[in-house]
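Listed here are the chains, written in short residue letters.
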Amino acid sequence: MSEEKTTKQILEEKLKARKRTPLYNPELLQNLAKDFETWKNSVVPEEDRKNWEVIPRTILGSEIPRGLLYTPLEVADLDYTEDLGFSGAEPYTRGLHANMYRGRVFTMRQLSGAGSPSYINQRIKWLLGAGATGINLALDLATVQMYDSDEPEAKGQVGTVGVPIDCVEDMDVIFKDIPLDKVSASIVTHYPRNTAILFPMYLVLAEQRGIPWDRLNGSVQNDFVMENLVRNAAEYIPPRDAFRVQCDNIEFLRKNVPRWNYITLNGYNLREAGTSGVTEMAVAMANGIEILKEMSRRGYDADWVAQRMAFFWAPANDFFEEVARLRAARRLWYRIMKYRFGAKNPRSMWERCHVQTSGISLQRVEPMNNVIRAAYHALAAILGGCQSLHVDSYDEAYSTPSEEASLLSLRTQQIIEAETAITQVVDPLGGSFYVEALTNEMERRILDEIDEIERMGGLVKAIESGWLHRRIANHIHREQRLIEQGVIKVVGRNYYQNPEAKEPEVKVHQYSEELRQEMCAKLERLRRERDNEQVNCALKALKEACQKGGNVMQYCLEAARAGATEGEMRRVFTDAFGTWRPPVYI
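Residues numbered from 1 in each chain as written. Predicted model: local features only at pLDDT ≥ 70, side-chain atom pairs only at ≥ 80, totals over all residues. Heavy atoms only, no water.

## Overview of the pairing of strand E3 (residues 184-187)
Turning to step 1, where the next piece is worked out: Residues Ser-184 and Ser-186 of E3 are buried on one face, and the alternating residues Ala-185 and Ile-187, pointing to the opposite face, are buried as well.
Turning to step 2, where the next piece is worked out: With helix H9 (residues 192-208) bridging E3 and the parallel strand E4 (residues 217-220), this β-α-β connection has right-handed handedness. (Buried < 20%, exposed > 50% of the residue type's maximum accessible area, 1.4 Å probe, protein only. Helix = DSSP H or I, 4+ residues; strand = E, 2+ residues; numbered from the N terminus. Right-handed = clockwise from strand over helix to strand, strands pointing away.)

As structure tokens, this is what we get:
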């Protein structure tokens, strides 16, 4: 470990110096403690007294012990101003905006589906017409792995789970008749390399339509943890190089596309791979800290950089834990920005987040039950104060969602927003002894894991060493065993099973070889009609930028303008950086 203080050490020093004013009177607490003991010993059954705390066992749960009853004694040190405050004000525990959903409802983003660029164009228009307020563009497996549709590795993958994108022309088809400057588009680029390759194609499309980049609004993922930890692939570049590309993308986007969220720190896919909610947030925040340190080294002010940083979370089945986690994350990120990085601008202290309901919680057995699971996840996300929401569809346990299932997921959000009245009061669970105690505990545990990562030398070293791979492998192996043993209860699967249940009829997306042939024909035409000398020059310049420290996104942009394809740019990155073999734990 270096001599530099960890984030936890810095926060403890800064917060210790601040005067605290506990909300509860010490004498009142003393009397309450006596009354509590009298009640507990005279009213509560002996068995419950012996087992006062229980550990909830849920899918992807954090296994934080819970007491039978919560009182002011569990939050005796609560300082309203320091710990809660008002919505729209420091420390943002209660929400980023004073009026929250009364002022602006959370953005409703459903996945755009799977299929050809022209089909996805129609699907996006259909979703927007049904009331979706943002675009969520999912990529097919070939594009996710950065293969062109005509590469051997892409066979059987084109058009599965998302849309294929090989070049600018595909972007044009996807967004035909969709005003880029009037919609918020989340482009699920996953990795830094994919972001560096694909997002310039979106920018070139905007140029072709005469739309200035400063009018574009949306987000990319751009998370090196996705590349080196969550991803399953034939090739990886080393973590340190992936982190560098991540920061190059951030630098370019922050300077040139000011309204774009240059990264969505992706806790979601990490948790779905097999971690607790604590590890999910700790890793994402550790990445955010490393980014701000690197951007500071490059000469940029943390206040300016952090204003467009966003997070992506996965709520699972432990309802109150999920509400508390979102509240804890807002407060902790505020404290990190204010005390670790000296932020002055309120926007740079905001922990803005998109939430997608848990996919791994969905079950193939009795899949309609997934509607209920996703609805509770969505409710927790809204009560926790998310900015943007995607509700998984019941058939995603099998396949990319059908139009019918996707509409039902959108309606789930709309019913919660329009019919339940929960959006009319900001942070309605705030002040609950239980929720506040759980918020405090979640913040403490997240910060402890950040500290553990930083004492290893930071997140890049934690991944290089295999620490995080091992943590995921151990967590998911243990959880699977608990499900098989019935300790973690899953209704319909190992609890309240229906022996007469039959395999349901679910519309599963079918692979289309015809689509692949169409994409291959397009690529053949593109390579025949473009200026290949110009393409080769652009790719050569990109390789030199990789090797000599130039900003890679700028050079990917020139390659995209010349008509280079995704696979051609991917091969340049691999040639320049070499490959890395991730540790494997069985």
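## A short note on a nonpolar patch on the surface
Turning to step 1, where the next piece is worked out: Where nonpolar side chains cluster on the molecular surface, the patch consists of Val-491, Tyr-495 and Tyr-496 and spans about 320 Å² of accessible area.
Turning to step 2, where the next piece is worked out: As for its placement among the helices and strands, Tyr-496 is situated in the loop between helix H20 (467-484) and helix H21 (513-529).
Turning to step 3, where the next piece is worked out: Since its relative accessible area comes to 63%, Tyr-496 is described here as exposed. (Patch = residues over 30% accessible without salt bridge, like charges linked within 9 Å, V, L, I, M, F, W, Y side chains within 5 Å. Areas by Shrake-Rupley, 256 points an atom, 1.4 Å probe, with all protein chains shown as cover. Salt bridge = Lys/Arg side-chain N within 4 Å of Asp/Glu carboxyl O.)

## Focus: H20
A turn of α-helix holds 3.6 residues, and therefore any two residues three or four places apart point the same way.
Turning to step 1, where the next piece is worked out: Here H20 contains 18 residues, and its C-alpha end-to-end distance of 26 Å stays within 8% of the 26 Å for a straight helix at 1.5 Å per residue.
Turning to step 2, where the next piece is worked out: Looking only at H20, the buried set comprises Trp-467, Leu-468, His-469, Ile-472, Glu-479, Leu-482 and Ile-483.
Turning to step 3, where the next piece is worked out: Against the buried residues of H20 lie helix H10 (224-230), helix H12 (267-274), helix H13 (277-297), helix H18 (433-455) and helix H19 (459-464). (Expected span 1.5 Å × (residues − 1). Contact = heavy atoms within 4.5 Å.)

## Some words on H18
Turning to step 1, where the next piece is worked out: Here H18 spans 33 Å end to end across 23 residues, near enough to the 33 Å set by a 1.5 Å rise per residue.
Turning to step 2, where the next piece is worked out: Looking at the residues trailing H18, positive phi occurs at Gly-457, about 110°.

## Overview of the state of the cysteines
Turning to step 1, where the next piece is worked out: Under the definition given, this model contains zero disulfides.
Turning to step 2, where the next piece is worked out: Free cysteine Cys-167: the closest other cysteine sulfur is in Cys-520, separated by 12 Å.
Turning to step 3, where the next piece is worked out: For Cys-167, a relative accessible area of 3% corresponds to the buried category.
Turning to step 4, where the next piece is worked out: The closest cysteine sulfur to the non-disulfide-bonded Cys-386 is located on Cys-353, 5.9 Å from its own sulfur. (Disulfide = S-S within 2.5 Å.)

## Remarks on the side chain of Glu-280
Turning to step 1, where the next piece is worked out: Structurally, Glu-280 is set in helix H13.
Turning to step 2, where the next piece is worked out: Judged by relative accessible area, which is 0%, Glu-280 ranks as buried.
Turning to step 3, where the next piece is worked out: Setting aside anything within four residues of it in sequence, one finds Glu-280 in contact with Gly-267, Tyr-268, Leu-270, Arg-271, Thr-275, Phe-312, Trp-313, Ala-314 and Arg-325.

## Focus: the packing of aromatic side chains
Turning to step 1, where the next piece is worked out: Applying the stated rule across the entire model yields 24 aromatic pairs.
Turning to step 2, where the next piece is worked out: Ring plane angle 85° and centroid distance 5.6 Å describe the contact between Phe-36 and Trp-52, whose orientation is recorded as edge-to-face. A residue pair is termed long-range when its members are at least 10 positions apart, and Phe-36 in helix H2 (residues 26-42) and Trp-52 in the loop between helix H3 (46-50) and helix H4 (80-84) qualify at 16 residues. Take Phe-36 and Trp-52: they sit in the same class, and that class is buried. (Phe/Tyr/Trp six-rings, centres within 6.5 Å; stacked < 30°, edge-to-face > 60°.)

## A word on the environment of Glu-251
Turning to step 1, where the next piece is worked out: Note on placement: Glu-251 falls in helix H11 (residues 239-256).
Turning to step 2, where the next piece is worked out: The buried category is assigned to Glu-251, whose relative accessible area is 13%.
Turning to step 3, where the next piece is worked out: Sequence separation between Glu-251 and Ala-545 is 294 residues; the distance between their C-alpha atoms is 15 Å.
Turning to step 4, where the next piece is worked out: Apart from residues no more than four positions distant in its own chain, Glu-251 is found in contact with Met-295, Arg-298, Tyr-300 and Asn-551.
Turning to step 5, where the next piece is worked out: At 3.0 Å, the side chain of Glu-251 forms a polar contact with the side chain of Asn-551. (Polar contact = N/O pair within 3.5 Å; in protein donor to acceptor, adjacent residues only side chain to side chain.)

## Focus on the sheet that holds E3
Turning to step 1, where the next piece is worked out: Strand order across the open sheet formed by nine strands is E5-E4-E3-E2-E1-E9-E8-E7-E6, with parallel pairing between neighbours. Strand pairing shows two members of the sheet lacking a second neighbour, strand E5 (260-261) and strand E6 (263-266), which therefore form its edges.
Turning to step 2, where the next piece is worked out: Across three bridges, the pairing between strand E8 (residues 352-356) and strand E9 (residues 388-390) is parallel. Among the inter-strand pairings, Gln-356 is bridged to a residue of E9, identified as His-390.
Turning to step 3, where the next piece is worked out: With respect to the sheet, helix H6 (residues 117-129) is in contact with strand E1 (107-111) and strand E2 (134-137), its orientation differing from that of E2 by roughly 150°. (Pairing = 2+ DSSP bridges. Axes fitted to C-alpha atoms, helices over the stretch in contact; angles between N-to-C directions.)

## Regarding the pattern of salt bridges
Turning to step 1, where the next piece is worked out: Counted by the stated rule, this structure contains 58 salt bridges.
Turning to step 2, where the next piece is worked out: The closest approach of N and O atoms between Glu-151 and Arg-571, which form a salt bridge, is 3.2 Å. Remark: Arg-571 occurs in helix H24 (residues 566-577) and Glu-151 occurs in the loop between helix H7 (141-144) and helix H8 (168-174); sequence separation between them is 420 residues.
Turning to step 3, where the next piece is worked out: Glu-151 gets classed as buried once you look at its relative accessible area, which sits at 9%.
Turning to step 4, where the next piece is worked out: Linking Glu-449 and Arg-471 is a salt bridge whose minimum nitrogen-to-oxygen distance equals 3.0 Å. Separated by 22 residues along the polypeptide, Glu-449 in helix H18 and Arg-471 in helix H20 bring together distant segments of the chain.
Turning to step 5, where the next piece is worked out: For Glu-449, a relative accessible area of 11% gives the class buried.
Turning to step 6, where the next piece is worked out: One connected set of salt bridges, linked through shared partners, spans Arg-66, Arg-271, Glu-280, Asp-318, Glu-321, Glu-322 and Arg-325.

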